[in-house]
Amino acid sequence: MPLDFGEGCSGIELWKPEVGPDKDKTMIKLGSNIKVRAGLPIGKTCMPLSEWDGYIEVFQNLFVDQKNMKLGFQTMDFRTLTPDRAQTSINTVLTNIIKNYLNPYLNKIIIDVDAPVKGLQDILPLFFQTKDQNNARSWFSKLRPGQVQIKQSGISLDLLMDIEKDRLSKEKTDVADNEKERDEIVKSWENLDAFSVYQVHTLIGHPVTEEEKYNILEMILDTRHDFIQNLEEGKLPRDLVSKQFCDIWQGFGPLMRKYLTKQQAVSSNFVLFSAVSDVLSSLRNIGPSIGVSFNKDALIKLAKLISVPGLPTDLQYLQVVDRRLLDFFGIGQIVDAVPMPSIYVPEIEIPDLLDSDKLANKIYKYFGFHPFQTFLNLSSSLVFADGPMIDPEKIRPWVFKKNDFSPYVERIGKKLEQVYVDIQKKKRLDSKYHIFFKNLLFATAWQETCWRQFVENKGKVRPLESYNQSSVGFMQINVRVWRGIYQPEALRWDIDYNMRTGCEILDLYLQRYALRRAETRTLDLDTLAMTVYAMYNAGPAQYKKFLLRRKNYKYSKVDQLFWQKYLWVKDGQYNKLSVCLIGK
């Protein structure tokens, strides 16, 4: 920044500015390389008098102009240093130039908070239920500046508003008590989850560290597991979505400030984006009483403030695999799934030809095809004419029959072993954990589904699913938790893909989360297995929760059930599978 005066004979140049708080965090410290020159104009020429190159630190107070909604700066002092930051002094002429020209120039700098406040007044009412939007507009129309603080991360300005007291106590932060309200919370959560993924996308392409990526993924998985747990228990808190919004913003905020503020195309709107997020977070405790609503239109408006080229802001809650997300987190690329129909297929019909039809058996034996199966394949191809067909013959070997116990267990064991071997080649797990991980994998599959991908009833086969159809297949992969990472229909109908997915998730929790933590070094392998399974079952937050249960000797029922399966696997007692497969 050049600043010339005295008919061009004198001037100040500043470059490479650095802004931050002073050591007491009471003033702004503006540091910069500086060159000051003093000269005397004589006719059309300049007579040089003095010149100095060095570094300067200017200390400024902040003040708020309440009337005009502006933040101003008042220069209080400055300090001159050498280029290598050693304190030095300069002559009176140059000192006076700085005092008389640089200080007044810096005092002209203002931050206009009127525009961001008007942006808040425009966007925030959209986050309220329709019946409360007029009240919200009234509250936000009275926004005014409050205390200004200087922090290491930047300048913080409080905004104040008034809310009527009687609006804060009409409802309690409790659980939804009817189906309509539960459906509304589920939809609101889906909007928030889509918005969270959108925020991840805004960071793609930036030099986000591996540790930061682990933290982002952990945050996404934990919020999804938290939602699933509440949904399955039938106790959806009214403030679940607002709480999760605050938790997500607490995690995303520092990262977005770190990376997005460097984008000129985004930074002008990012202040408003941050302000809206901060205000919504501050309303966390009273959200249900004043009608805060995380509807799609409001979140889309917020997303557009940080939009990037090529990234849609429609915030659709889709189950399709998001390749950019996979690349960012470095997961979900274990194997290409067999092409599956894009539509939900609840079940297919596979008549048990070998056991029930002697004529069909003879035809199969001598001619190599089943007449009824041929008809079934033709009808299936008609059903899925617009997409790939589910091949019944690839499903048949993995449908358990009571009279096929030993061969079935042997087939499944070999397939699971091959999956384990293939995954270890890709994931490069330390050899000292190989046997341990195999036991963990086998026991997890036993605990989740008793080694089943499918269930059959009167010739109709469907994938094994949880009661709400969110967890599917051999390893019970939750399609909501892993939305955008894994293919739902492949998880349902492709046993190989389901096994590999579960194996990768176990490896993720083991290598990226458990083994990276200091507490793990004190755990024996058996305890480590229980810890990793706890995360597999209910998310990364279970790492500390399980260790607390262990410390207090208060294991959950799930902990105990897994432990039994794990001991059976370690001892090779696969005959115990008969307990859950055939009931004895």
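These numbers were taken from a predicted model, which means no experiment stands behind them.

> Let's hear about empty space enclosed by the protein: which residues, and what values?
Applying the stated criterion across every chain, the model contains one cavity of 30 Å³ or more. Roughly 50 Å³ of volume is contained in the largest cavity. Every residue along the wall of the largest cavity is listed here: V197, V200, L217, I220, L221, R224, L325, F329, V481, R483 and I485. At the level of elements, α4 (179-203), α5 (210-233) and α10 (323-329) are the ones that each hand at least two residues to the lining of the largest cavity.

> An account of the packing of α5 against helix α6 (residues 240-259) is needed here, citing residue identities and associated values.
Running from amino to carboxyl end, α5 crosses α6 at an angle of 170°, the nearest separation of the two axes being 11 Å. In terms of axis orientation, α5 runs roughly antiparallel to α6. Judged by residue contacts, E212, I216, M219, I220, T223, D226, F227 and N230 of α5 engage L240, Q244, D247, I248, G251, F252, L255, K258 and Y259 from α6. For the contact of α5 with α6, the per-class residue count stands at nine nonpolar, four polar and four charged.

> Explain the side chain of R483 to me, and be specific about the residues and the numbers.
Tracing the chain through its elements places R483 in the loop between β13 (477-478) and α17 (488-493). The exposure class assigned to R483 is buried, which follows from its relative accessible area of 6%. In this structure R483 touches D193, A194, V197, R224, Q316, Y317, L318 and Q319, once residues within four positions along its chain are discounted.

> Any details on the sheet that holds strand β9 (residues 348-349)? Residues and values, ideally.
Pairing within the open sheet is antiparallel, and its three strands lie in the order β9-β11-β10. At either margin of the open sheet sits one strand with a lone partner, and together these are β9 and β10 (454-457). Summarising the sheet, β9 and strand β11 (residues 460-463) pair through two bridges and their orientation is antiparallel. Note that in β11 the partner of E349 across the bridge is K460.

> Tell me what's going on with the packing of α4 against α6, and back it up with residues and numbers.
Between α4 and α6, the least distance of the axes is 11 Å, while the angle of their chain directions is 10°. With respect to each other, α4 and α6 are oriented roughly parallel. For the pair α4 and α6, contact is made by I185, S188, W189, L192, F195, S196, Q199, V200, T202 and L203 and by V241, Q244, F245, I248, W249, F252, L255, M256 and Y259, respectively. When the residues that make up the contact of α4 with α6 are grouped by side-chain class, the tally is 14 nonpolar, five polar and no charged.

> How would you explain the pattern of salt bridges if you had to name every residue and give the values?
This model, assessed by the stated rule, comprises 31 salt bridges. In this structure, the salt-bridge partner of D422 is R500, at a minimum N-O distance of 2.8 Å. One end of the pair, D422, is in helix α15 (residues 405-427); the other, R500, is in helix α18 (residues 495-514), with 78 residues separating them in the sequence. Here the two residues D422 and R500 agree in accessibility, since each one is buried.

> For the pairing of strand β5 (residues 70-81), give the residues involved together with the corresponding values.
As paired elements, strand β4 (residues 45-65) and β5 share 11 bridges and run antiparallel to each other. If you follow V64 over to β5, its bridge partner there is L71. Taking the residues that link successive antiparallel strands as the turn, the β4-β5 hairpin has four residues, and the phi of M69 there is positive, at about 55°. As judged from the three bridges shared by β5 and strand β6 (residues 110-112), these two strands associate in the antiparallel manner. In the sheet register, L71 faces β6, and the bridge partner there is I111.

> I'd like a rundown of the environment of L157, residues and numbers included.
Within the element layout of this structure, L157 appears in strand β8 (residues 154-160). Of the residues examined, L157 reaches a relative accessible area of 23% and is grouped as partly exposed. For the pair L157 and V64, spaced 93 residues apart in sequence, the C-alpha to C-alpha distance is 9.2 Å. Look past the residues within four positions of L157 in its chain and what remains in contact with it is V64, V113, P145, G146, Q147 and V148.

> Describe in detail unusual backbone geometry, supporting the description with residues and values.
Of note, K16 is a non-glycine position whose phi angle comes to about 55°, a positive value. For K16, the location among the structural elements is in strand β2 (residues 10-21). On the basis of relative accessible area, K16 is assigned to the exposed category, the value being 63%. A positive phi angle is found at R85, which is not glycine, with a value near 75°. Tracing the sequence through the fold places R85 in the loop between β5 and α1 (92-107).

> For the state of the cysteines, give the residues involved together with the corresponding values.
Summed over the entire model, instances satisfying the criterion amount to two disulfides. Note that C9 is cross-linked by a disulfide to C46, the S-S spacing being 1.7 Å. Between C9 and C46, the S-S torsion sits near -90°, and that sign places the bridge as left-handed. Taken as a pair, C9 in the loop between β1 (2-5) and β2 and C46 in strand β4 lie far apart in primary sequence, 37 residues in all. Under the relative-accessibility criterion, C9 is labelled buried at 6%. The exposure class assigned to C46 is partly exposed, which follows from its relative accessible area of 40%. Covalently, C450 is tied to C580 through a disulfide, its sulfur atoms 1.8 Å apart.

> Tell me about the packing of aromatic side chains, residues and numbers included.
All told, the structure shown has 29 aromatic pairs when counted by the stated rule. Pairing F546 with Y555 gives two aromatic rings, centres 6.0 Å apart and planes at 40°, and the pair type is tilted. The class for F546 is buried, based on a relative accessible area of 0%. Residue classification places Y555 among the partly exposed positions, given a relative accessible area of 32%.

Calculation rules
- Residues numbered from 1 in each chain as written.
- Predicted model: local features only at pLDDT ≥ 70, side-chain atom pairs only at ≥ 80, totals over all residues.
- Heavy atoms only, no water.
- 1 Å grid on protein atoms, 1.4 Å probe; cavity = no way out; pocket = protein on both sides within 12 Å on 5 of 7 lines; lining within 4 Å.
- Points joined across faces, edges and corners; volume = space filled by probe spheres on them.
- Helix = DSSP H or I, 4+ residues; strand = E, 2+ residues; numbered from the N terminus.
- Axes fitted to C-alpha atoms, helices over the stretch in contact; angles between N-to-C directions.
- Parallel < 35°, antiparallel > 145°, perpendicular 65-115°, else oblique.
- Contact = heavy atoms within 4.5 Å.
- Nonpolar A, V, L, I, M, F, W, Y, C, P; charged D, E, K, R; others polar.
- Buried < 20%, exposed > 50% of the residue type's maximum accessible area, 1.4 Å probe, protein only.
- Pairing = 2+ DSSP bridges.
- Salt bridge = Lys/Arg side-chain N within 4 Å of Asp/Glu carboxyl O.
- Disulfide = S-S within 2.5 Å.
- Phe/Tyr/Trp six-rings, centres within 6.5 Å; stacked < 30°, edge-to-face > 60°.

Everything listed here is a matter of coordinates, which is why it stays silent on function.
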